[in-house]
Amino acid sequence: MGGTGLTQLEGLTLDGVLTLETPYGAPSADILKGRFAGGDVLFLARHGMPHRIAPHRINYRANLWALRAAGADAVLAVNAVGGIHAAMGSGHLCVPHQLIDYTWGREHSYFQDELEHVTHIDFSHPYDDAIRTRLISALAEEGFAHSSHGVYGATQGPRLETAAEIVRMERDGCDIVGMTGMPEAALARELTLPYACLALVVNPAAGKASGPITMAGIELALGEGIGKVKTTLARFLAG
Ligand code: HPA
């Protein structure tokens, strides 16, 4: 699942383009099916192709449903994030092990309408450990600065946070902050799809650096960092 800065996966040998409809509507984009670094891959650009859908408007249910319908047996999510913990400087990569959800008003469950099927999924550990371990090995083999743990705080957006909100999130234990980690992770769990996140820090979170957070700064960090993400994905799939 490609996030901001990863709307295309160069190097993907394309076998097909899947235009899917789901009971929840259309996913953000066509799913690209092909091979990347020797692995079978389904690629979906979370924000659309080109990037146009804001985090709070993404149809997360359709996206996960479509990936599963297309044959996905696991989801590796790429997310651009702000850094809260001092170790999470721009360009740093993090494989979070936990999350806290601050989003609201999003369609966040498949179990909302069909009451007879209501299920309370176990979400104690939101990310799949086998995928995380493989990701962390890939990062280590490439020699990229990374954190093998971290708590992802998912905010509503599309605005960035206030400095006080980041202080509160830090107090809560958050290390990184992004807008798209939820409900995606929970929906994957509802569909029993193993799910993990590779987060690229693209700015210091609000109040963590002097001066405002600018889109130009974020885009610069994305441009510099996304190559590392792609290399990591290739290593992950080859491994
Ligand atoms: N906050 C929330 N989401 C983000 C940020 C941030 O600072 N940077 C990139 N995505």
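- The protein chain carries the name Probable S-methyl-5'-thioinosine phosphorylase in an unreviewed UniProt entry, which gives Pseudomonas matsuisoli as its organism.
- Here is the UniProt Sequence similarities (unreviewed entry) comment for the protein chain, exactly as written: "Belongs to the PNP/MTAP phosphorylase family. MTAP subfamily."

Regarding the environment of Gly-48
(1) Moving on: Mapped onto the elements, Gly-48 comes out in the loop between β3 (39–43) and α1 (60–69).
(2) Moving on: A relative accessible area of 0% means that Gly-48 is categorised as buried.
(3) Moving on: Taking the C-alpha atoms as reference points, Gly-48 and Asp-30, 18 residues apart in sequence, are found 8.4 Å from one another.
(4) Moving on: Those residues in contact with Gly-48 that sit more than four places away from it in its chain are Thr-7, Ser-28, Ala-29 and Ile-53.

Some points on unusual backbone geometry
(1) Moving on: The residue after Met-49, namely Pro-50, is reached through a cis peptide bond having omega 0 degrees.
(2) Moving on: A cis amide bond, omega 10 degrees, links Met-182 with the succeeding residue Pro-183.
(3) Moving on: Within the secondary structure, Pro-183 sits in the loop between β9 (176–178) and α4 (184–190).
(4) Moving on: Even without being glycine, Ala-37 reaches a positive phi, approximately 50 degrees.
(5) Moving on: Here Ala-37 is to be found in the loop between β2 (31–36) and β3.
(6) Moving on: One non-glycine residue, Thr-192, lies in the positive phi region at around 55 degrees.
(7) Moving on: With respect to the helices and strands, Thr-192 occurs in the loop between α4 and β10 (195–204).

Remarks on the site of the ligand
(1) Moving on: Near the ligand, the surroundings consist of Ala-80, Val-81, Gly-82, Leu-160, Glu-161, Val-177, Gly-178, Met-179, Val-202 and Asn-203.
(2) Moving on: A distance of 2.6 Å is found between a nitrogen atom of the ligand and a side-chain nitrogen or oxygen belonging to Asn-203.
(3) Moving on: Out of a free accessible area of 260 Å², the ligand has 92% covered by protein chains.
(4) Moving on: Counting only elements with at least two residues in the shell around the ligand, the list comes to β4 (75–83), β9 and β10.

Points about the sheet that holds β2
(1) Moving on: Sheet architecture is open: three strands sit in the order β1-β2-β3, paired in antiparallel fashion. Because the sheet does not close on itself, it has two edges, and the strands there are β1 (13–18) and β3. Neighbour-to-neighbour, the strand axes of this sheet turn through a mean angle of 20 degrees, independent of strand direction.
(2) Moving on: Taken together, the five bridges between β2 and β3 define a ladder with antiparallel strand orientation. Its bridge partner lying in β3, Lys-33 is registered against Leu-42.

Focus: the UniProt feature "binding site: phosphate" (unreviewed entry) in the protein chain
(1) Moving on: UniProt tags Thr-4, Arg-46, His-47 and Thr-180 as "binding site: phosphate" (unreviewed entry). Over a stretch of 177 residues, the named residues converge on one spot in the fold, their C-alpha atoms separated by at most 9.7 Å.
(2) Moving on: The topology assignment puts Arg-46 in the loop between β3 and α1.
(3) Moving on: Within the element layout of this structure, His-47 appears in the loop between β3 and α1.
(4) Moving on: Sequence-distant contacts of His-47, defined by excluding residues within four places in its chain, comprise Gly-2, Gly-3, Thr-4, Ser-28, Arg-52, Ile-53, Ala-54, Pro-55, Ile-58 and Thr-180.

Thoughts on the packing of aromatic side chains
(1) Moving on: Under the definition given, this model contains four aromatic pairs.
(2) Moving on: Considering the side-chain rings of Tyr-24 and Trp-65, the 5.3 Å spacing of their centres and the 65 degrees angle between planes classify their relative orientation as edge-to-face. With Tyr-24 in the loop between β1 and β2 and Trp-65 in helix α1, this residue pair connects regions lying 41 residues apart in the sequence.
(3) Moving on: The exposure class assigned to Tyr-24 is buried, which follows from its relative accessible area of 18%.
(4) Moving on: For Trp-65, a relative accessible area of 24% puts it in the partly exposed group.
(5) Moving on: Through a chain of ring-to-ring contacts, three or more aromatic side chains come together here, namely Tyr-24, Trp-65 and Tyr-110.
(6) Moving on: Between Arg-68 and the ring centre of Trp-65, over which it is positioned, the NZ or CZ distance is 4.8 Å.

The rules we used
- Residues numbered from 1 in each chain as written.
- Predicted model: local features only at pLDDT ≥ 70, side-chain atom pairs only at ≥ 80, totals over all residues.
- Heavy atoms only, no water.
- UniProt positions renumbered as here; feature names shortened; annotations may be inferred.
- Helix = DSSP H or I, 4+ residues; strand = E, 2+ residues; numbered from the N terminus.
- Buried < 20%, exposed > 50% of the residue type's maximum accessible area, 1.4 Å probe, protein only.
- Contact = heavy atoms within 4.5 Å.
- Near = heavy atom within 4 Å.
- Polar contact = N/O pair within 3.5 Å; in protein donor to acceptor, adjacent residues only side chain to side chain.
- Areas by Shrake-Rupley, 256 points an atom, 1.4 Å probe, with all protein chains shown as cover.
- Pairing = 2+ DSSP bridges.
- Axes fitted to C-alpha atoms, helices over the stretch in contact; angles between N-to-C directions.
- Phe/Tyr/Trp six-rings, centres within 6.5 Å; stacked < 30°, edge-to-face > 60°.
- Lys NZ or Arg CZ within 6 Å of the ring centre and 35° of its normal.

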